[in-house]
Amino acid sequence: MIYSPSIDAVFRNSGYDLDRILRTVKELGFTAFEFWGWGNRDIDLMEQLVQELDLQVGSFCTKSISLLDPALRDSFVIGLEETLVIAKRLNCKYLIAVTGNTLDGFSRAEQHQSIIDGLMACAPLLEAAGVTLVLEPLNTKVNHPGYFLETTAEALAIIAEVGSPNVKLLYDVYHQQITEGDLTPTISFNIGQIGYIHVADHPGRHELGTGEIAYPFVMNKLRELGYSGYVGLEFIPTGTPEDGLRACLAQLDK
(Lines give C-alpha, C1' and ligand atoms only; values in the text may rest on other atoms or scores of the structure.)
Protein backbone atom coordinates (compact mmCIF):
# COMPACT_ATOMS: atom_id res chain seq x y z
CA MET A 1 0.00 0.00 0.00
CA ILE A 2 1.07 3.55 -0.68
CA TYR A 3 0.48 5.97 2.21
CA SER A 4 -0.41 9.42 0.96
CA PRO A 5 -0.73 12.38 3.37
CA SER A 6 -3.44 14.85 2.44
CA ILE A 7 -1.47 18.07 2.63
CA ASP A 8 -4.59 20.25 2.84
CA ALA A 9 -5.82 18.36 5.90
CA VAL A 10 -2.58 17.49 7.68
CA PHE A 11 -0.79 20.82 7.17
CA ARG A 12 -3.84 23.11 7.24
CA ASN A 13 -2.79 24.96 10.42
CA SER A 14 0.98 24.54 10.10
CA GLY A 15 1.85 27.79 8.34
CA TYR A 16 4.24 25.83 6.09
CA ASP A 17 4.55 26.77 2.43
CA LEU A 18 4.36 24.11 -0.30
CA ASP A 19 8.11 23.65 -0.49
CA ARG A 20 8.39 22.93 3.23
CA ILE A 21 5.31 20.71 3.21
CA LEU A 22 6.57 18.44 0.46
CA ARG A 23 10.08 18.30 1.87
CA THR A 24 8.60 17.30 5.23
CA VAL A 25 6.54 14.56 3.56
CA LYS A 26 9.69 13.26 1.87
CA GLU A 27 11.82 13.47 5.01
CA LEU A 28 9.28 11.41 6.94
CA GLY A 29 9.68 8.61 4.41
CA PHE A 30 6.50 9.01 2.35
CA THR A 31 6.63 8.48 -1.40
CA ALA A 32 3.30 10.16 -2.20
CA PHE A 33 0.95 12.94 -1.18
CA GLU A 34 -2.48 14.22 -2.18
CA PHE A 35 -4.37 17.48 -2.07
CA TRP A 36 -7.91 18.82 -2.57
CA GLY A 37 -8.57 21.46 -5.21
CA TRP A 38 -6.05 22.59 -7.82
CA GLY A 39 -7.52 25.96 -8.79
CA ASN A 40 -5.57 27.97 -6.21
CA ARG A 41 -2.36 25.92 -6.43
CA ASP A 42 0.97 26.89 -7.94
CA ILE A 43 1.03 23.92 -10.29
CA ASP A 44 4.36 24.95 -11.81
CA LEU A 45 6.00 24.80 -8.39
CA MET A 46 4.25 21.57 -7.47
CA GLU A 47 5.35 19.93 -10.72
CA GLN A 48 8.93 21.07 -10.08
CA LEU A 49 8.95 19.74 -6.50
CA VAL A 50 7.34 16.43 -7.46
CA GLN A 51 10.14 15.82 -9.93
CA GLU A 52 12.91 17.06 -7.63
CA LEU A 53 11.76 15.04 -4.62
CA ASP A 54 10.63 11.98 -6.62
CA LEU A 55 7.13 12.06 -5.12
CA GLN A 56 3.91 10.67 -6.53
CA VAL A 57 0.66 12.64 -6.54
CA GLY A 58 -1.85 10.09 -5.28
CA SER A 59 -5.00 12.07 -6.02
CA PHE A 60 -6.69 15.43 -6.09
CA CYS A 61 -10.21 16.67 -6.74
CA THR A 62 -11.82 17.53 -10.00
CA LYS A 63 -13.73 20.81 -10.11
CA SER A 64 -16.49 21.03 -7.51
CA ILE A 65 -19.53 21.31 -9.78
CA SER A 66 -22.76 19.56 -8.82
CA LEU A 67 -23.35 16.21 -10.48
CA LEU A 68 -26.96 16.37 -9.34
CA ASP A 69 -28.20 19.06 -11.73
CA PRO A 70 -28.43 18.05 -15.41
CA ALA A 71 -28.08 21.70 -16.38
CA LEU A 72 -24.54 21.69 -14.97
CA ARG A 73 -23.44 18.45 -16.63
CA ASP A 74 -21.53 20.12 -19.45
CA SER A 75 -19.75 22.32 -16.92
CA PHE A 76 -18.75 19.25 -14.90
CA VAL A 77 -17.36 17.54 -18.00
CA ILE A 78 -15.44 20.66 -19.04
CA GLY A 79 -14.07 20.90 -15.50
CA LEU A 80 -12.91 17.30 -15.72
CA GLU A 81 -11.19 17.99 -19.04
CA GLU A 82 -9.31 20.87 -17.44
CA THR A 83 -8.43 18.71 -14.43
CA LEU A 84 -7.11 15.92 -16.65
CA VAL A 85 -4.60 18.38 -18.12
CA ILE A 86 -3.27 19.04 -14.61
CA ALA A 87 -3.31 15.32 -13.79
CA LYS A 88 -1.14 14.62 -16.83
CA ARG A 89 1.37 17.27 -15.76
CA LEU A 90 1.58 15.75 -12.28
CA ASN A 91 1.41 12.13 -13.49
CA CYS A 92 -1.60 11.59 -11.22
CA LYS A 93 -3.79 8.56 -11.94
CA TYR A 94 -6.69 9.16 -9.52
CA LEU A 95 -9.13 12.05 -9.35
CA ILE A 96 -11.79 12.50 -6.68
CA ALA A 97 -15.39 13.42 -7.46
CA VAL A 98 -18.04 14.56 -5.00
CA THR A 99 -21.72 14.83 -5.85
CA GLY A 100 -22.67 18.14 -4.24
CA ASN A 101 -25.54 18.82 -1.84
CA THR A 102 -29.09 17.59 -2.34
CA LEU A 103 -31.12 19.92 -4.56
CA ASP A 104 -34.61 21.23 -3.93
CA GLY A 105 -37.08 20.65 -6.73
CA PHE A 106 -35.61 17.31 -7.84
CA SER A 107 -36.55 13.87 -6.54
CA ARG A 108 -33.83 11.67 -5.08
CA ALA A 109 -34.25 9.28 -8.00
CA GLU A 110 -33.71 12.13 -10.48
CA GLN A 111 -30.54 13.26 -8.71
CA HIS A 112 -29.26 9.69 -8.49
CA GLN A 113 -29.78 9.31 -12.25
CA SER A 114 -28.08 12.64 -12.92
CA ILE A 115 -24.92 11.37 -11.22
CA ILE A 116 -24.99 8.25 -13.40
CA ASP A 117 -25.50 10.24 -16.57
CA GLY A 118 -22.75 12.69 -15.65
CA LEU A 119 -20.22 9.98 -14.89
CA MET A 120 -21.12 8.11 -18.07
CA ALA A 121 -20.34 11.29 -20.00
CA CYS A 122 -16.95 11.42 -18.25
CA ALA A 123 -16.01 7.76 -18.70
CA PRO A 124 -14.60 8.01 -22.27
CA LEU A 125 -12.37 10.92 -21.23
CA LEU A 126 -11.07 8.99 -18.22
CA GLU A 127 -10.46 5.82 -20.20
CA ALA A 128 -8.57 7.71 -22.90
CA ALA A 129 -6.41 9.42 -20.28
CA GLY A 130 -5.77 6.28 -18.22
CA VAL A 131 -7.11 8.02 -15.11
CA THR A 132 -9.60 6.64 -12.58
CA LEU A 133 -12.27 8.87 -11.08
CA VAL A 134 -13.20 7.79 -7.55
CA LEU A 135 -16.64 8.76 -6.27
CA GLU A 136 -16.74 9.67 -2.59
CA PRO A 137 -19.63 9.22 -0.16
CA LEU A 138 -19.38 11.61 2.82
CA ASN A 139 -21.03 11.63 6.23
CA THR A 140 -23.84 14.16 6.74
CA LYS A 141 -24.08 13.73 10.50
CA VAL A 142 -20.85 15.50 11.48
CA ASN A 143 -19.00 17.08 8.57
CA HIS A 144 -21.16 17.53 5.48
CA PRO A 145 -24.82 18.23 6.28
CA GLY A 146 -26.92 18.26 3.15
CA TYR A 147 -24.50 16.22 1.04
CA PHE A 148 -26.32 13.85 -1.32
CA LEU A 149 -24.25 10.65 -1.39
CA GLU A 150 -23.82 9.04 2.03
CA THR A 151 -23.80 5.28 1.74
CA THR A 152 -21.45 2.78 0.19
CA ALA A 153 -24.42 0.88 -1.26
CA GLU A 154 -25.76 3.83 -3.24
CA ALA A 155 -22.30 4.78 -4.47
CA LEU A 156 -21.70 1.23 -5.68
CA ALA A 157 -25.09 1.12 -7.39
CA ILE A 158 -24.15 4.27 -9.31
CA ILE A 159 -20.74 2.86 -10.23
CA ALA A 160 -22.34 -0.37 -11.47
CA GLU A 161 -24.72 1.59 -13.70
CA VAL A 162 -21.85 3.64 -15.15
CA GLY A 163 -20.04 0.42 -15.98
CA SER A 164 -16.57 1.82 -16.58
CA PRO A 165 -13.34 0.37 -15.15
CA ASN A 166 -12.20 3.97 -14.71
CA VAL A 167 -15.00 4.94 -12.31
CA LYS A 168 -14.64 3.41 -8.84
CA LEU A 169 -15.36 4.02 -5.16
CA LEU A 170 -13.35 6.11 -2.74
CA TYR A 171 -13.97 4.32 0.55
CA ASP A 172 -13.31 6.74 3.40
CA VAL A 173 -13.09 4.71 6.59
CA TYR A 174 -13.76 7.76 8.77
CA HIS A 175 -16.89 8.84 6.91
CA GLN A 176 -18.30 5.32 6.72
CA GLN A 177 -17.69 4.63 10.41
CA ILE A 178 -20.02 7.56 11.11
CA THR A 179 -22.56 6.73 8.41
CA GLU A 180 -22.87 2.96 8.58
CA GLY A 181 -20.08 1.15 10.45
CA ASP A 182 -19.57 -2.48 9.39
CA LEU A 183 -16.20 -1.45 7.99
CA THR A 184 -14.19 -4.56 7.15
CA PRO A 185 -17.13 -6.69 5.93
CA THR A 186 -18.10 -3.86 3.58
CA ILE A 187 -14.52 -3.48 2.38
CA SER A 188 -14.12 -7.24 1.92
CA PHE A 189 -17.32 -7.65 -0.08
CA ASN A 190 -16.63 -4.69 -2.36
CA ILE A 191 -12.84 -4.64 -2.67
CA GLY A 192 -13.00 -5.05 -6.45
CA GLN A 193 -14.82 -1.73 -6.82
CA ILE A 194 -12.73 0.22 -4.31
CA GLY A 195 -10.20 2.37 -6.13
CA TYR A 196 -8.90 4.42 -3.22
CA ILE A 197 -8.93 4.44 0.61
CA HIS A 198 -9.03 7.42 2.99
CA VAL A 199 -8.41 7.20 6.73
CA ALA A 200 -8.78 9.29 9.88
CA ASP A 201 -9.98 8.38 13.36
CA HIS A 202 -13.37 9.07 14.93
CA PRO A 203 -14.42 11.14 16.80
CA GLY A 204 -12.57 14.29 15.81
CA ARG A 205 -11.11 13.26 12.45
CA HIS A 206 -7.68 13.18 14.06
CA GLU A 207 -4.67 10.94 13.53
CA LEU A 208 -5.06 7.19 13.77
CA GLY A 209 -4.94 5.89 17.32
CA THR A 210 -6.86 8.79 18.85
CA GLY A 211 -10.34 7.32 18.47
CA GLU A 212 -12.51 4.25 18.22
CA ILE A 213 -11.50 2.75 14.86
CA ALA A 214 -9.24 -0.31 15.16
CA TYR A 215 -6.90 0.65 12.35
CA PRO A 216 -4.39 -2.19 12.78
CA PHE A 217 -7.30 -4.59 12.22
CA VAL A 218 -8.58 -2.62 9.20
CA MET A 219 -5.14 -2.43 7.61
CA ASN A 220 -4.46 -6.12 8.13
CA LYS A 221 -7.76 -6.90 6.42
CA LEU A 222 -6.71 -4.77 3.44
CA ARG A 223 -3.44 -6.66 3.28
CA GLU A 224 -5.29 -9.99 3.39
CA LEU A 225 -7.45 -8.81 0.50
CA GLY A 226 -4.37 -7.90 -1.53
CA TYR A 227 -5.09 -4.18 -1.68
CA SER A 228 -1.96 -2.43 -2.93
CA GLY A 229 -3.31 1.02 -3.80
CA TYR A 230 -3.29 4.38 -2.09
CA VAL A 231 -4.28 5.01 1.51
CA GLY A 232 -4.87 8.73 1.91
CA LEU A 233 -4.13 10.12 5.38
CA GLU A 234 -6.85 12.77 5.54
CA PHE A 235 -6.77 13.76 9.20
CA ILE A 236 -6.48 16.89 11.33
CA PRO A 237 -3.48 16.51 13.66
CA THR A 238 -3.89 17.12 17.38
CA GLY A 239 -0.29 18.37 17.55
CA THR A 240 2.30 19.00 14.87
CA PRO A 241 1.86 17.51 11.39
CA GLU A 242 5.09 15.58 11.86
CA ASP A 243 3.92 13.97 15.12
CA GLY A 244 0.53 13.18 13.61
CA LEU A 245 2.03 11.48 10.59
CA ARG A 246 4.42 9.45 12.74
CA ALA A 247 1.50 8.35 14.91
CA CYS A 248 -0.40 7.23 11.81
CA LEU A 249 2.53 5.21 10.55
CA ALA A 250 2.72 3.41 13.87
CA GLN A 251 -0.93 2.37 13.53
CA LEU A 252 -0.77 1.52 9.83
CA ASP A 253 2.17 -0.82 10.16
CA LYS A 254 1.19 -2.71 13.31
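I will try to describe carefully the structure that is included in this document. Bear in mind that the values here come from a model prediction, so they are computed numbers and not experimental data.

Basis of the calculations
Residues numbered from 1 in each chain as written. Predicted model: local features only at pLDDT ≥ 70, side-chain atom pairs only at ≥ 80, totals over all residues. Heavy atoms only, no water. Salt bridge = Lys/Arg side-chain N within 4 Å of Asp/Glu carboxyl O. Helix = DSSP H or I, 4+ residues; strand = E, 2+ residues; numbered from the N terminus. Buried < 20%, exposed > 50% of the residue type's maximum accessible area, 1.4 Å probe, protein only. Pairing = 2+ DSSP bridges. Right-handed = clockwise from strand over helix to strand, strands pointing away. Contact = heavy atoms within 4.5 Å. Core = buried A, V, L, I, M, F, W, Y, C linked by side-chain atoms within 4.5 Å. Phe/Tyr/Trp six-rings, centres within 6.5 Å; stacked < 30°, edge-to-face > 60°.

Looking at the pattern of salt bridges
Moving on, step 1. Counted according to the given criterion, the structure contains 11 salt bridges.
Moving on, step 2. In this structure, the salt-bridge partner of E52 is R23, at a minimum N-O distance of 2.8 Å. Of the two residues, E52 sits in helix 3 (residues 43-53) while R23 sits in helix 2 (residues 18-27), which places them 29 residues apart along the sequence.
Moving on, step 3. Here E52 falls in the partly exposed class, since its relative accessible area comes to 46%.
Moving on, step 4. Put simply, K63 and E82 hold a salt bridge, and the shortest N to O gap is 2.5 Å. Of this pair, K63 sits in the loop between strand 4 (60-61) and helix 4 (73-90) while E82 sits in helix 4, and the two are 19 residues apart along the sequence.

Details of the pairing of strand 8 (residues 194-199)
Consecutive side chains of a regular strand alternate in pointing toward one face of the sheet and then the other.
Moving on, step 1. Strand 8 sits mainly inside the fold: six of its six residues count as buried.
Moving on, step 2. One ladder, built from four bridges, connects strand 7 (residues 167-172) with strand 8; its direction is parallel. Bridge pairing links Y171 to I197 in strand 8.
Moving on, step 3. The pairing of strand 8 with strand 9 (residues 230-233) spans three bridges and is classified as parallel. What sits directly across from H198, in strand 9, is G232.
Moving on, step 4. In terms of handedness, the path from strand 8 via helix 9 (residues 215-224) over to strand 9 forms a crossover that is right-handed.

Some points on the side chain of S114
Moving on, step 1. Relative to the elements of secondary structure, S114 occurs in helix 5 (residues 108-129).
Moving on, step 2. Relative accessible area serves as the criterion here: at 1%, S114 is assigned to the buried category.
Moving on, step 3. With residues near it in sequence (within four places) discarded, S114 still touches L67, L68, D69, P70 and R73.

Some remarks on the nonpolar core
Moving on, step 1. Ranked by size, the top nonpolar core spans 76 residues in total, and within it F33 and F60 carry the most contacts.
Moving on, step 2. Looking at which element gives the most residues to this core, the answer is helix 4, with seven residues.
Moving on, step 3. By size, the runner-up hydrophobic cluster in this structure holds seven residues, among which are C61, V134, Y196 and Y230.

Remarks on the packing of aromatic side chains
Moving on, step 1. Taken as a whole and judged by the stated rule, the model has six aromatic pairs.
Moving on, step 2. Between the aromatic rings of F11 and Y16, the centroid separation amounts to 5.9 Å while the plane-to-plane angle is 45°, which identifies the pairing as tilted.
Moving on, step 3. By relative accessible area, which is 4% here, F11 ends up buried.
Moving on, step 4. Here Y94 and Y196 contribute two aromatic rings whose centre-to-centre distance is 5.5 Å and whose plane-to-plane angle is 65°, an arrangement assigned as edge-to-face.

Description of the sheet that holds strand 9
Moving on, step 1. One open sheet accounts for seven strands, arranged 1-9-8-7-6-5-4; its pairing is parallel. Each having just a single partner strand, strand 1 (2-5) and strand 4 make up the two edges of the open sheet.
Moving on, step 2. Bridge count between strand 5 (residues 94-97) and strand 6 (residues 132-135): four bridges; the pairing is parallel. Within the sheet, the bridge partner assigned to I96 lies in strand 6 and is V134.

Geometric values such as these leave the question of function open.
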